[in-house]
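# Close look at the chain arrangement
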Amino acid sequence: MSRLKFQTAELAWKTMDEICGDIMRRITASPRGNCPAEVTAAFLRLCVAQSCGKCVPCRIGLSELANILDAILEGRATLEDLALFEETAHAIKDSADCAIGFEAARLALDGLAAFRDDYLSHIEKGCCAANFDSIPCVALCPAHVDVPGYIALIGAGRYADAVRLIRKDNPFPSVCGLICEHPCESHCRRGIVDDAINIRGLKRFAIDNAGSVPAPKCADATGKTVAVVGGGPAGLTAAYFLRLMGHEVTVYEKMTKLGGMLRYGIPPYRLPNEYLDADIDVILSTGVKVKTGVNIGTDISFEELRRQYDSVYISIGAHEHKRLGIDGEEGRGVMSAVELLRGIGDGHKPDFRGKSVVVIGGGNVAMDATRTSMRLGAKKVTCVYRRRQIDMTALPDEIEGAIAEGCEIMQLMAPVRIERDEEENVTALIVQPQVIGEHERGRATPRNADKPEARIPCDMVIMAIGQEVDSAHFAAEGIPVKWEMLETDNMARIPEKPGAFAGGDCVFGPATVIRAIEAGKVAAANIDSYFGMNTEITADVEIPPASYFFKPACGRANMRERAADERKNDFKLMELGLSEEEAKQECSRCLRCDHYGCGSIKGGRQVKW
């Protein structure tokens, strides 16, 4: 008789795999406001079920941790029980034989450190201290756009109303329909069934089919004046809402055109000027005044603005590039990604034909520089990153798109120096191979590998390792600055300067467009309050009722791109929008969390702010 046999997938195993997949989807779609103690208790019970029972710390210890948590949740526990929970978790972490035990204990301890107030609330008050996010997609959108509302309007064919509803919270629907990183999708409850709704794709579909949608009417003039320093997304968002509230707004912009990093940091193959200009035109149609080519600090000072206006909002962005600090950085052929993309925004396209280009960095800006270099005619483009490709902060779609266009991703290579010839022209980038190591703050850290340095021949090196804020003038005028960024409270106020506010990248560092929009919205609301007013922003759009039909599992309709061999040769918009059929299907997948679940019983829709 044979000692070996083929293993066939038994029904029980297959079903268990499906159950585990369902659990993973449910955890991914879990709303941010879930009770931490409840989640930890459920996690510990799952770990108990996984235990082989060989070692006591795992077999008995995890069960005891779960029992203590049950007592805490049921209001039967004391502070001594919480101390016992912590002591037991430490013992399990230090003595369990395998990861099932010691990792479960470590995560329990991490949760206790992060949510101790919630545990204490259960013990002392018998209730959870966490705030439940009733509509995950709305809660996860920094601007709190009414996502289920505009999806329902798109499904009903009311595209203009969908745009009006979006603009209640976000005056850049065209921009966000193309480049938003869509954090709203990360906890979409549709993921429990199959996959998240293509929210960004639906936003773009509404914009492409709505036609011209004018801005709403402004409130009566208040007589108050506001100066906005910086014409990027944060500044223009604040200007738009302040005008709707009835205040006079003047935007001061250093560049010749408005848009900030939207125009001077994102290449047109991702965000064509016509989309950006469409949003800016609507903002300006409200009566926002603009002064371009004005540099605060040389043309006019911050204190002069404070004297001339009732309030000042600073949103200067992060337009200065970081330096790597390696030898050869001053050579001919070395430039920053910020410099490259700024030139593209002004219509100046350098000629890279026949050149080998190396881009240093792993974020979205690095991918923009990489793909832009290919479109400028480079014969070879290599993106060098000191970590693994999986660790890159760029969106996966951007990385995959660059590879499809013929760009190379060279991972685990740390730049050492730039080699130059006698005339200071770049000839190569010297790199030190890396090996991925231990995790620090949740991220694997590379270290030098036991390998010799490598040489990457090239004609150009583009630095894309981050951006900085030029805050020297504001620091000189008494505005508190930390790590080159302006300091404010959580209401965007500069405490030392009454009437002065700041927000966007100059406060929290380079981030996403939707976070900049959030900053402008918050500033507008608090400037209005500073004036002693409480002007409401509404959309006055009636939302279609939720459907009662069952919604079976259905695949997600994803956006596609033009063929790589075609798109890599021009700067035309590369992404193709959803068809009407796809958009209608995506709308039908929405579970309408604004109506079902806790959406209606815990506040539901925010119709005004």
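Residues numbered from 1 in each chain as written. Predicted model: local features only at pLDDT ≥ 70, side-chain atom pairs only at ≥ 80, totals over all residues. Heavy atoms only, no water.

## Here we look at a nonpolar patch on the surface
A cluster of nonpolar side chains, namely Met 16, Ile 19, Ile 23, Ile 27 and Leu 46, defines an oily patch on the protein surface of about 430 Å² accessible area. Ranked by residues supplied to the nonpolar patch, first place goes to helix α1 (residues 11-28) with four residues. Residue placement: Met 16 occurs in helix α1. (Patch = residues over 30% accessible without salt bridge, like charges linked within 9 Å, V, L, I, M, F, W, Y side chains within 5 Å. Areas by Shrake-Rupley, 256 points an atom, 1.4 Å probe, with all protein chains shown as cover. Salt bridge = Lys/Arg side-chain N within 4 Å of Asp/Glu carboxyl O. Helix = DSSP H or I, 4+ residues; strand = E, 2+ residues; numbered from the N terminus.)

## Quick word on the sheet that holds strand β9 (residues 408-410)
Taken in spatial order, the five strands line up as β6-β14-β7-β8-β9 in an open sheet, and their pairing is parallel. Of all strands in the sheet, those with a lone pairing partner are β6 (334-336) and β9, marking the two edges. Taking each pair of neighbouring strands and ignoring which way they run, the sheet shows an average axis angle of 25 degrees. The pairing of strand β7 (residues 356-360) with strand β8 (residues 380-384) spans five bridges and is parallel. Residue pairing for β8: Val 357 is matched across the bridge by Val 381. Contacting β6 and β14 (460-463), helix α16 (residues 337-345) crosses the sheet at an angle of about 70 degrees to β6. (Pairing = 2+ DSSP bridges. Axes fitted to C-alpha atoms, helices over the stretch in contact; angles between N-to-C directions. Contact = heavy atoms within 4.5 Å.)

## Points about the nonpolar core
Counting residues in each nonpolar core, the largest one holds 82 residues, and the members touching the most others are Tyr 150, Ile 151, Ile 154, Phe 172, Leu 262 and Tyr 313. Setting aside anything within four residues of it in sequence, one finds Leu 262 in contact with Phe 172, Val 175, Ile 179, Pro 233, Leu 271, Leu 276 and Val 513. One finds Ala 337, Leu 376, Cys 407 and Ala 464 within the second-largest nonpolar core, a separate group that totals 28 residues. (Core = buried A, V, L, I, M, F, W, Y, C linked by side-chain atoms within 4.5 Å. Buried < 20%, exposed > 50% of the residue type's maximum accessible area, 1.4 Å probe, protein only.)

## Some thoughts on the packing of aromatic side chains
The tally for this structure, following the rule as stated, stands at 10 aromatic pairs. For the pair Tyr 159 and Phe 205, a centre-to-centre distance of 5.3 Å together with 85 degrees between the ring planes defines the contact as edge-to-face. Taken together, the positions of Tyr 159 in helix α9 (residues 159-167) and Phe 205 in helix α11 (residues 199-210) put the pair 46 residues apart, joining distant regions of the chain. Seen in terms of ring centroids, Phe 501 and Tyr 530 are 6.0 Å apart; in terms of plane orientation they differ by 75 degrees. Their pairing is edge-to-face. With a gap of 29 residues between them, Phe 501 in strand β18 (residues 500-502) and Tyr 530 in helix α21 (residues 513-530) connect regions that are remote in the sequence. On the basis of relative accessibility, which here comes to 1%, the residue Phe 501 falls in the buried class. Through pairs of rings, three or more aromatic residues link up here, namely Tyr 240, Phe 241 and Trp 609. In this structure, Lys 482 is placed above the aromatic ring of Trp 483, and the distance from its NZ or CZ to the ring centre is 4.7 Å. Between Arg 515 and the ring centre of Phe 508, over which it is positioned, the NZ or CZ distance is 4.0 Å. (Phe/Tyr/Trp six-rings, centres within 6.5 Å; stacked < 30°, edge-to-face > 60°. Lys NZ or Arg CZ within 6 Å of the ring centre and 35° of its normal.)

By themselves, these figures tell us nothing about what the structure is for.
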